[in-house]
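# Structural overview for review
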Amino acid sequence: MGKYGHLETALNSHNAAFWAVGHVAAGTLGTPLVVRATSSWYQRIQKPTWTPPNKVFAPVWTTLYASMGIAASRVFQQVGLRTFPMLFWCLHMVLNVVWAPVFFGLQRFRLALWMNIGLIGSLVGIIPIFYKVNPTAGLLLLPYLSWLIYATKLNQAICKLNPTNKGYNDAMLQADIAKLQKKAAIYAGC
């Protein structure tokens, strides 16, 4: 058995639900940062009028991550883990998971925008690869691509409305104000 044989055996012993849950779980890694941001500085920054309500994001991303997991499971079942399609997918998912900490944690909108562009570019490459292995897997990624394009346009609009000047933007200011307000409330005994 090779270096990753036990991992592949464990992954093979589970069905698509295992992969869907795993992808949803990976997608929730940035949730504490998102929740903190959406209850503080994100409310205060300028956003385009077509920004969806915050309550839309969790069900959309949960559904997308589940379908992404099912797509990955279908490809994995046919080609295994140590193959180009799965390694490309894993790299894509790392970039996806890191996006929320960059945007919501660091308030680095331009870097997050470039990451989104990288996500779209890599996904455009992954979809035909997945489709060739398993057509359903490729098709399962199309809603994710659509949402990713929308999210990138939203990220771009937020960059435009909250420009970075000398490494600082309005989101960083709002985050700093929120921290100061919290410290002031503690100091005042509230």
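Preceding this paragraph is the structure being described.
Scope of this entry: the structure provided in the associated data block.

Rules behind the numbers
- Along each chain, numbering runs from 1 in the same order as the chain's sequence is written.
- In keeping with the predicted nature of the model, local features appear solely for residues at pLDDT of at least 70, side-chain atom pairs appear and are counted solely at 80 or more, and the whole-chain, interface and lining totals rest on all residues.
- By convention in this description, side-chain values take in all heavy atoms of the structure and omit both hydrogens and water.
- Only DSSP runs of H or I reaching four residues or more are called helices, and only runs of E reaching two or more are called strands; each is numbered from the N terminus.
- Any residue under 20% of the maximum accessible area for its type is buried, any over 50% is exposed, and the rest in between are partly exposed; the area is computed with a 1.4 Å probe on protein chains only.
- Residues belong to a common nonpolar core when they are buried Ala, Val, Leu, Ile, Met, Phe, Trp, Tyr or Cys residues joined through side-chain atoms within 4.5 Å.
- The criterion used for residue contact is that any of the two residues' heavy atoms lie within 4.5 Å.
- Only protein atoms enter the 1 Å grid, on which a cavity is a set of points fitting a 1.4 Å probe that cannot get out and a pocket is an open set with protein on both sides within 12 Å along at least 5 of 7 lines, lining residues being those with an atom within 4 Å of a point.
- Grid points are joined across faces, edges and corners, and a volume is the space filled by probe spheres set on the points.
- Lys, Arg, Asp and Glu make up the charged group, whereas Ala, Val, Leu, Ile, Met, Phe, Trp, Tyr, Cys and Pro make up the nonpolar group; the residues left over, Gly among them, are polar.
- The span one expects for a helix is its residue count, reduced by one, times 1.5 Å.
- Bend is the name given here to the angle between axes fitted to two runs of seven residues, the run ending at a residue and the run starting at it.
- What goes into a patch is any residue over 30% in relative accessible area without a salt bridge, connected to like charges within 9 Å or, for nonpolar side chains (Val, Leu, Ile, Met, Phe, Trp, Tyr), within 5 Å.
- In these tables, accessible area is a Shrake-Rupley quantity obtained with a 1.4 Å probe, and a residue counts as shielded only by the protein chains included in the view.
- Between Lys or Arg on one side and Asp or Glu on the other, a salt bridge is scored when a side-chain nitrogen of the former is within 4 Å of a carboxyl oxygen of the latter.
- Ring pairs shown here join Phe, Tyr and Trp side chains whose ring centres sit within 6.5 Å, with only the six-membered ring taken for Trp; geometry is labelled stacked below 30 degrees between planes, edge-to-face above 60, and tilted in between.
- Definition used: whenever NZ (Lys) or CZ (Arg) falls within 6 Å of the ring centre and also within 35 degrees of the ring normal, the charge is taken to sit over that ring.

### Concerning unusual backbone geometry
Backbone geometry places Gln107, a non-glycine residue, at a positive phi of 55°. Secondary-structure assignment places Gln107 in the loop between helix H6 (84-105) and helix H7 (109-133). We classify Gln107 as buried; its relative accessible area is 9%.

### Quick notes on the nonpolar core
Formed by 26 residues in total, the largest nonpolar core has its most connected members in Met68, Trp89, Leu123, Phe130, Leu141 and Tyr144. Taken together, the elements giving at least two residues each to this core come down to helix H5 (54-79), H6, H7 and helix H9 (142-161). Here the element with the most residues in this core is H5; it accounts for eight residues. Look past the residues within four positions of Leu123 in its chain and what remains in contact with it is Trp89, His92, Leu141, Tyr144, Leu145 and Leu148. Of all hydrophobic cores here, the second largest spans 18 residues; its members include Ala37, Trp41, Phe103 and Ala171.

### Some thoughts on the layout of surface pockets
Volume-wise, the largest pocket comes out at about 700 Å³. In this structure, the largest pocket is lined by 30 residues; those nearest its centre are Val34, Phe57, Trp61, Trp99 and Phe104. Where the lining of the largest pocket is concerned, the elements lending two or more residues are helix H2 (16-27), helix H3 (31-38), H5, H6, H7 and H9. Partitioning the lining of the largest pocket into residue classes produces 20 nonpolar, 10 polar and no charged.

### Details of H6
Relative to the 32 Å expected for 22 residues at 1.5 Å per residue, H6 spans 31 Å between its end C-alpha atoms, a close match to the ideal helical length. The sharpest bend along H6 reaches about 25° and sits at Val98, with the proline Pro101 one to four residues further on. Three or more residues of H6 are buried, namely Pro85, Met86, Trp89, His92, Met93, Asn96, Trp99, Ala100, Val102, Phe103 and Phe104. Where the residues of H6 are buried, they touch H2, H3, helix H4 (41-44), H5, H7 and H9. Positive phi shows up at Gln107, right after H6, with a value of about 55°.

### Quick notes on a nonpolar patch on the surface
Taken together, the side chains of Tyr131, Leu139 and Leu142 define a hydrophobic patch exposed on the protein surface, amounting to about 280 Å² of accessible area. Position of Tyr131 among the secondary structure elements: in helix H7.

### A word on the packing of aromatic side chains
Taken as a whole and assessed by the stated rule, the structure comprises 17 aromatic pairs. Taken together, a centroid distance of 6.4 Å and an interplanar angle of 45° make the contact between Trp41 and Phe103 tilted. Highlighted residues: Trp41 in helix H4 and Phe103 in helix H6, separated in sequence by 62 residues. When its relative accessible area of 3% is taken as the criterion, Trp41 is described as buried. What makes Phe103 buried here is its relative accessible area of 3%. Geometrically, the ring pair formed by Trp41 and Phe104 is tilted, given 6.2 Å between the ring centres and 40° between the ring planes. Note that Trp41 is positioned in helix H4 and Phe104 in helix H6, a separation of 63 residues in sequence. Grouped by ring-pair contacts, the aromatic residues Trp41, Tyr42, Trp99, Phe103, Phe104 and Phe109 constitute a single cluster. The positively charged end of Lys47 is found above the aromatic ring belonging to Tyr42, 4.5 Å away from the centroid.

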